[in-house]
Amino acid sequence: QVHLVESGGGVVQAGGSLRLSCAASGPTFDDSYAMGWFRQPPAKDREFVAVINWRGHIAFYADSVKGRFSLSRDTANHTVYLQMNSLKPEDTAVYFCATDTGPDVVHGTPRFWGQGTQVTVFS
């Protein structure tokens, strides 16, 4: 199994910034996997946010966060960061990181998930 540990969530005023971290560990972690971020707003379904490939450093973002969110990674520590700038109230959600093959992440069906971290943006 792969264990994902998240941190960085919190409460922030609209226009502010947060950085989420997700560290992967475990005997089945595979460097060929991708790391994705998803979020679930209150009373809504989970939605895709962003994904980065561990080997190729290729990132893709949902239209709703393009230009505001950015991904980076520390490959040595198997950690990915989601920098969130210009936050809006509609960004309020529980944010999850997840990992599996690239296609599984893109299709929303990765096997390994973090516990989720709450991000609340107020105006």
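Residues numbered from 1 in each chain as written. Predicted model: local features only at pLDDT ≥ 70, side-chain atom pairs only at ≥ 80, totals over all residues. Heavy atoms only, no water.

Trainee: Explain the overall build of the chain here, please?
Mentor: The helix and strand tally for the chain stands at one helix and 11 strands. Along the chain direction, N to C, the helices and strands of the chain fall in the order β-β-β-β-β-β-β-β-β-α-β-β. Taken over the C-alpha trace, the chain has a radius of gyration of 13 Å; the compact-globule value for 123 residues is 14 Å, and the two agree within 12%. With 123 residues in all, the chain has 44% of them scored as buried. Put simply, the chain shows about 6,100 Å² of open surface, and 51% of that area lies on carbon and sulfur atoms. (Helix = DSSP H or I, 4+ residues; strand = E, 2+ residues; numbered from the N terminus. Rg over C-alpha atoms; globule rule 2.2 N^0.38 Å. Buried < 20%, exposed > 50% of the residue type's maximum accessible area, 1.4 Å probe, protein only. Areas by Shrake-Rupley, 256 points an atom, 1.4 Å probe, with all protein chains shown as cover.)

Trainee: Where do I start with the nonpolar core in this structure?
Mentor: General note: in soluble globular proteins, nonpolar side chains tend to be found buried as a group. In this structure, Met 35, Trp 37, Leu 82, Met 84 and Tyr 95 are the most contacted members of the largest nonpolar core, which totals 30 residues. For this core, the secondary structure elements donating two or more residues are strand S3 (18-25), strand S4 (34-40), strand S5 (47-53), strand S7 (69-74), strand S8 (79-84), strand S9 (93-100) and strand S11 (117-122). Top element by residues in this core is S3. It accounts for four residues. By size, the runner-up hydrophobic cluster in this structure holds five residues, among which are Ala 34, Phe 38, Val 51 and Ala 98. (Core = buried A, V, L, I, M, F, W, Y, C linked by side-chain atoms within 4.5 Å.)

Trainee: Looking at this structure, I do not really get the side chain of Asp 91. What am I missing?
Mentor: With respect to the element layout, Asp 91 can be found in the loop between S8 and S9. When its relative accessible area of 1% is taken as the criterion, Asp 91 is described as buried. Within the local environment of Asp 91, its side chain forms a polar contact with the backbone nitrogen of Lys 88, the two atoms lying 2.8 Å apart. Contacts of Asp 91, omitting those with residues within four sequence positions, involve Arg 39, Arg 68, Phe 69, Ser 86, Val 119 and Val 121. (Polar contact = N/O pair within 3.5 Å; in protein donor to acceptor, adjacent residues only side chain to side chain. Contact = heavy atoms within 4.5 Å.)

Trainee: What should I look at first to understand the pairing of S3 in this one?
Mentor: Regular strands have side chains that alternate between both faces of the sheet. In this structure, strand S1 (residues 3-7) lies alongside S3, joined through five bridges in antiparallel fashion. Counterpart to Leu 4 in the pairing with S3 is Ala 24. (Pairing = 2+ DSSP bridges.)

Trainee: For this particular structure, what's the right way to read the state of the cysteines?
Mentor: The bond known as a disulfide is covalent and runs between the sulfur atoms of two cysteines. By the definition in use, this model includes one disulfide. For Cys 22, the disulfide goes to Cys 97, at an S-S distance of 2.0 Å. Taking the sign of the S-S torsion, about 65 degrees here, the bridge from Cys 22 to Cys 97 comes out right-handed. On the criterion of sequence distance, the pair formed by Cys 22 in strand S3 and Cys 97 in strand S9 is long-range, its members being 75 residues apart. With relative accessibility at 0%, the residue Cys 97 sits in the buried group. (Disulfide = S-S within 2.5 Å.)

Trainee: Looking at this structure, how should I read the pairing of S5?
Mentor: Relative to S5, S4 is paired through six bridges, and the arrangement is antiparallel. Opposite Trp 37, over in S5, you have Ala 50 as the bridge partner. Counted along the chain from S4 to the antiparallel partner S5, the turn is six residues long, and its residue Ala 43 has a positive phi close to 65 degrees. Sheet topology note: the S5/strand S6 (residues 59-61) ladder contains three bridges and is antiparallel. Bridge pairing in S6 links Val 51 to Phe 60.

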